[in-house]
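# Remarks on the overall topology
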Amino acid sequence: MSNMELFLAIVIMSLVNFLTRVFPFLFFSKKDLPKSLFFIEKFFPATIMTILIFYSIKDISFSVYPYGIKELLGIVFTLILHLSLKNYLISIFFGTIFYMGLVQYL
C-alpha cells in the first residue's frame, strides 16, 4: 500500500469511529436518549479497565520467574494512579506506558 492509501484508510476508519460515537446524540435529544446509554456512560469505563486487567494477566504463569511481577506492578501503578486522579484515560495511558517500560527495561 502506498502512503496515500494508508492515510485514506486511517481517515476513513477515524471518521467511521467518530460517527458511531456521535450518532445517538445527533438523532436524540438529551431527554430522549435510551436509558441504556446512561448505563453505558456510567459503567463502561470501569468495565473496560476490568477487561484490560484480565487480558493482561490471562497468559501469565505465576509459578515461573518473574512470577508476573511486571504485570502486577503495572496493575497496581494504574490502580493507584486512577484512585488519585479519578481519570480513566490518564490512568490507562500512563499505566500502559509504565507497563511497557517494565517489559522493555526489566
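Calculation criteria
- Residues numbered from 1 in each chain as written.
- Predicted model: local features only at pLDDT ≥ 70, side-chain atom pairs only at ≥ 80, totals over all residues.
- Heavy atoms only, no water.
- Patch = residues over 30% accessible without salt bridge, like charges linked within 9 Å, V, L, I, M, F, W, Y side chains within 5 Å.
- Areas by Shrake-Rupley, 256 points an atom, 1.4 Å probe, with all protein chains shown as cover.
- Salt bridge = Lys/Arg side-chain N within 4 Å of Asp/Glu carboxyl O.
- Helix = DSSP H or I, 4+ residues; strand = E, 2+ residues; numbered from the N terminus.
- Buried < 20%, exposed > 50% of the residue type's maximum accessible area, 1.4 Å probe, protein only.
- Axes fitted to C-alpha atoms, helices over the stretch in contact; angles between N-to-C directions.
- Parallel < 35°, antiparallel > 145°, perpendicular 65-115°, else oblique.
- Left-handed = near helix turned anticlockwise from the far one by under 90°.
- Contact = heavy atoms within 4.5 Å.
- Expected span 1.5 Å × (residues − 1).
- Bend = angle between axes of the 7 residues up to and from the residue.
- Phe/Tyr/Trp six-rings, centres within 6.5 Å; stacked < 30°, edge-to-face > 60°.

## A few points about a nonpolar patch on the surface
A cluster of nonpolar side chains, Met4, Phe7, Leu8, Val11, Ile12 and Val16, forms an exposed patch at the surface whose accessible area comes to about 590 Å². Within the fold, Ile12 resides in helix α1 (residues 3-27). The exposure class of Ile12 is exposed, given its relative accessible area of 53%.

## Description of the packing of helix α2 (residues 35-57) against helix α3 (residues 69-85)
What describes two packed helices is the angle between their axes and the distance between those same axes. Between α2 and α3, the shortest axis-to-axis distance is 10 Å and the interhelical angle comes to 165 degrees. Compared by their axis directions, α2 and α3 come out roughly antiparallel. Where α2 crosses over α3, the handedness of that crossing is right-handed. Residues Met49, Ile53, Ser56 and Ile57 of α2 touch α3, and the partners they reach there are Glu71, Ile75 and Thr78.

## Overview of α2
With 23 residues, α2 extends 33 Å between its outermost C-alpha atoms, agreeing within 8% with the 33 Å of an ideal straight helix rising 1.5 Å per residue. A maximum bend of about 50 degrees is found in α2 at Phe43, where proline Pro45 lies one to four positions downstream.

## Comments concerning the packing of aromatic side chains
The geometry of two aromatic rings is summed up by the distance between their centres and the angle between their planes. Per the counting criterion, the structure on display carries 4 aromatic pairs. Ring centres 4.2 Å apart and planes at 20 degrees place the aromatic pair Phe77 and Phe98 in the stacked group. Here Phe98 lies in helix α4 (residues 88-105) and Phe77 lies in helix α3, a separation of 21 residues in the sequence. Overall, Phe77 belongs to the partly exposed group, its relative accessible area being 30%.

## Observations concerning unusual backbone geometry
For residues other than glycine, phi is negative in most cases, and the peptide bonds are mostly trans. Residue Pro66 is reached from Tyr65 by a cis peptide bond, and omega for that bond is 10 degrees. Within the element layout of this structure, Pro66 appears in the loop between α2 and α3. Its identity as a non-glycine residue notwithstanding, Tyr67 has a phi of 60 degrees, on the positive side. The backbone phi angle of Lys86 is positive, close to 55 degrees, even though this residue is not glycine. For Lys86, the location among the structural elements is in the loop between α3 and α4.

Honestly, it's all geometry; don't read function into it.
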